[in-house]
Each structure stands twice: as C-alpha cells, then as structure tokens.
Amino acid sequence: MEYRYDFETEQKFMNYIKSGRTESAENVINDVFKKLIEVNASNMETLTVQIYDMIGTLLKIKQDCGCNSIEIPTKWDDIGQLKEALKESVREMCEFCAARANTQIKNQVEEYVSKYYFDVNLGVSQIAEGLHIHRSYLSTMFKNQSGMGVLEYISRYRLEKAKELLKEGKLTIEQVSAAVGYNEPRTLQRIFKKYEGLTPLQFSKLHKNEEEK
C-alpha cells in the first residue's frame with residue numbers, strides 16, 4: 001500500500017500555517033512522517049522525495065508570507081531530528097502568520113477591490129490569485145476580520161460607487177451598472193433592492209427630489 005504527501009494534505013498544511021493554527025500544522029507533520037516511514041521504510045529514495053515535497057511547501061509559505069528570517073531545514077542525517085526541526089520551523093511560521101494576518105488580509109482585499117471593482121470578473125478566485133493567497137484561506141480570514149464574506153463586500157462596495165454615480169446624475173442606470181462591474185442592469189437592481197430596499201431608479205429620483213427641496 002502506497003502513501004503519498006498529496007495535494008489535499010499540502011493545502012490543509014498550508015492553510016493551518018497561514019492561519020496560525022500551530023497544533024493542527026504539527027499534527028500534519030506527525031501524521032505524514034508516521035505514514036511515510038511505515039510505508040516507505042525500506043525505500044529511502046521515495047521517502048526522501050516526499051519529505052522534500054513537504055519542505056517545498058514550507059519554502060513556498062515562507063515566500064508567500066515574507067517570513068524570510070525563519071530557517072527551513074533542507075538536509076538531515078536523522079529522520080526523527082528532521083521532524084522535530086520542521087515542527088520548530090512551523091511553530092515560528094505559525095506565530096509569524098498569525099501576527100501578520102490580524103489585519104493584513106482584510107486591508108489587502110479592500111485595497112484590491114477598490115482598484116478593480118469595475119472588473120466584471122472580480123471575485124474570490126481573482127483576488128486570491130492577485131494577492132497570491134490560497135482562496136479558502138483568504139475567504140476564511142477576510143470573514144473573520146470583517147464579519148462578512150468577500151462577495152458581500154464586493155457587492156456593498158459596488159453599491160456605494162453606484163450611489164455616488166447616481167447622485168451625480170450624469171449616467172444612465174445601464175451606464176452606472178457597467179461602470180461598477182455589472183454586465184446586466186438587473187444585477188445592480190437586485191443589489192439595490194437587497195441593501196437599500198429600492199431600485200436604482202427610485203434611489204436616483206429620491207436623491208433628486210431631496211436636492212430640489
């Protein structure tokens with residue numbers, strides 16, 4: 001029976017570290033080493049390759065998070081010592097990422113949305129790719145820090161921009177919709193109804209009437 005340090009395990013490992021979950025990340029190391037040694041004890045070449053895969057994960061996280069001062073062991077004489085050395089590195093990375101994540105994810109997402117809210121393709125995947133952050137980690141951390149999901153934030157941001165344009169009164173509803181990243185005016189209408197309780201046209205007329213008073 002073969003065991004591999006696979007993509008799913010790597011993604012969990014990365015998410016645990018980037019979200020500062022030290023115990024969960026250490027458990028992944030313990031579990032992976034246990035299974036790799038049990039299955040590949042007689043095949044040191046395979047064992048070495050897969051351990052290097054895990055080390056590669058840590059080097060990627062180090063690059064993503066900017067924790068350049070943390071040392072990642074890449075050579076070893078003893079498997080047990082390597083496991084403990086990796087766990088020490090992971091503890092330091094978790095501490096670094098936890099401190100870094102307190103506000104940075106929220107600020108990064110908000111800044112990205114402010115720059116690209118007019119892009120019809122703007123969504124979690126695009127933001128995650130643009131910020132070089134794993135999608136599920138970005139979604140979880142942003143919601144923890146802001147109290148709302150990324151898509152809800154995008155909708156609310158676009159709504160505020162649409163309200164500004166409608167108050168200026170220079171664009172049609174269709175033009176306003178396109179300007180804030182919606183292909184269809186009915187999408188903007190749905191967002192207005194959800195958060196404002198009225199349509200864009202009703203909002204525009206209401207604002208115009210208030211100005212005329």
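Quick caveat: nothing in here was measured; it's all calculated off a predicted structure.

**Q** Explain the overall build of the chain to me, and be specific about the residues and the numbers.
**A** When helices and strands are counted, the chain shows 11 helices and 0 strands. When the helices and strands of the chain are listed from N to C terminus, the series reads α-α-α-α-α-α-α-α-α-α-α. Relative to the globule expectation of 17 Å for 213 residues, the C-alpha radius of gyration of the chain, 24 Å, shows a markedly less compact shape. Out of the 213 residues in the chain, the part that is buried amounts to 39%.

**Q** Mind laying out the state of the cysteines, listing which residues take part and the relevant values?
**A** Two cysteines whose sulfur atoms are joined by a covalent bond form what is called a disulfide. Counted by the stated rule, this structure contains 0 disulfides. Cysteine C65 is unpaired, with the sulfur of C97 as its nearest cysteine sulfur at 3.3 Å. Judged by relative accessible area, C65 falls into the buried class, the value being 8%.

**Q** Give me helix α1 (residues 7-18): which residues, what numbers.
**A** Along an α-helix, residues three or four positions apart point the same way, because every turn accommodates 3.6 residues. With 12 residues, α1 should reach 16 Å at 1.5 Å per residue; the first-to-last C-alpha distance of 16 Å fits that figure. Among the 12 residues that make up α1, 9 are buried, leaving the element largely enclosed by the rest of the structure. All buried positions along α1 are accounted for by T9, E10, Q11, F13, M14, N15, Y16, I17 and K18. Among the residues trailing α1, G20 stands out with phi positive, at a value near 75°.

**Q** An account of the nonpolar core is needed here, citing residue identities and associated values.
**A** Nonpolar side chains tend toward joint burial in soluble globular proteins. Among the nonpolar cores identified, the biggest contains 31 residues, and V109, V113, I127, L138 and V150 are the most heavily contacted of them. At the level of secondary structure, the elements contributing two or more residues to this core comprise α5 (104-116), α6 (124-131), α7 (135-146), α8 (150-168) and α10 (185-195). The element contributing the most residues to this core is α8, with 7 residues. Sequence-distant contacts of I127, defined by excluding residues within four places in its chain, comprise V109, Y112, V113, L122, L138, V150 and I154. The next biggest cluster of nonpolar side chains, apart from the first, holds 28 residues, and it includes A25, V28, I51 and L86.

**Q** Residues and numbers for the packing of α5 against α7, please.
**A** Angle between the axes and distance between the axes: these two values describe a pair of packed helices. In contact at an axis separation of 8 Å, α5 and α7 are set at 100° when each is read in the N-to-C sense. Classified by the angle between their axes, α5 and α7 sit roughly perpendicular to one another. Counting all contacts with α5, which are made through Q104, I105, K106, V109 and E110, the residues of α7 involved are Y137, L138, M141, F142, Q145 and S146.

**Q** Can you break down the environment of L201 residue by residue, with the values?
**A** Mapped onto the elements of the fold, L201 is located in helix α11 (residues 200-212). The class of L201 is partly exposed, set by a relative accessible area of 46%. Through-space distance from the C-alpha of L201 to that of L166 is 8.6 Å; in sequence the pair is 35 residues apart.

Conventions and cut-offs
Residues numbered from 1 in each chain as written. Predicted model: local features only at pLDDT ≥ 70, side-chain atom pairs only at ≥ 80, totals over all residues. Heavy atoms only, no water. Helix = DSSP H or I, 4+ residues; strand = E, 2+ residues; numbered from the N terminus. Rg over C-alpha atoms; globule rule 2.2 N^0.38 Å. Buried < 20%, exposed > 50% of the residue type's maximum accessible area, 1.4 Å probe, protein only. Disulfide = S-S within 2.5 Å. Expected span 1.5 Å × (residues − 1). Core = buried A, V, L, I, M, F, W, Y, C linked by side-chain atoms within 4.5 Å. Contact = heavy atoms within 4.5 Å. Axes fitted to C-alpha atoms, helices over the stretch in contact; angles between N-to-C directions. Parallel < 35°, antiparallel > 145°, perpendicular 65-115°, else oblique.

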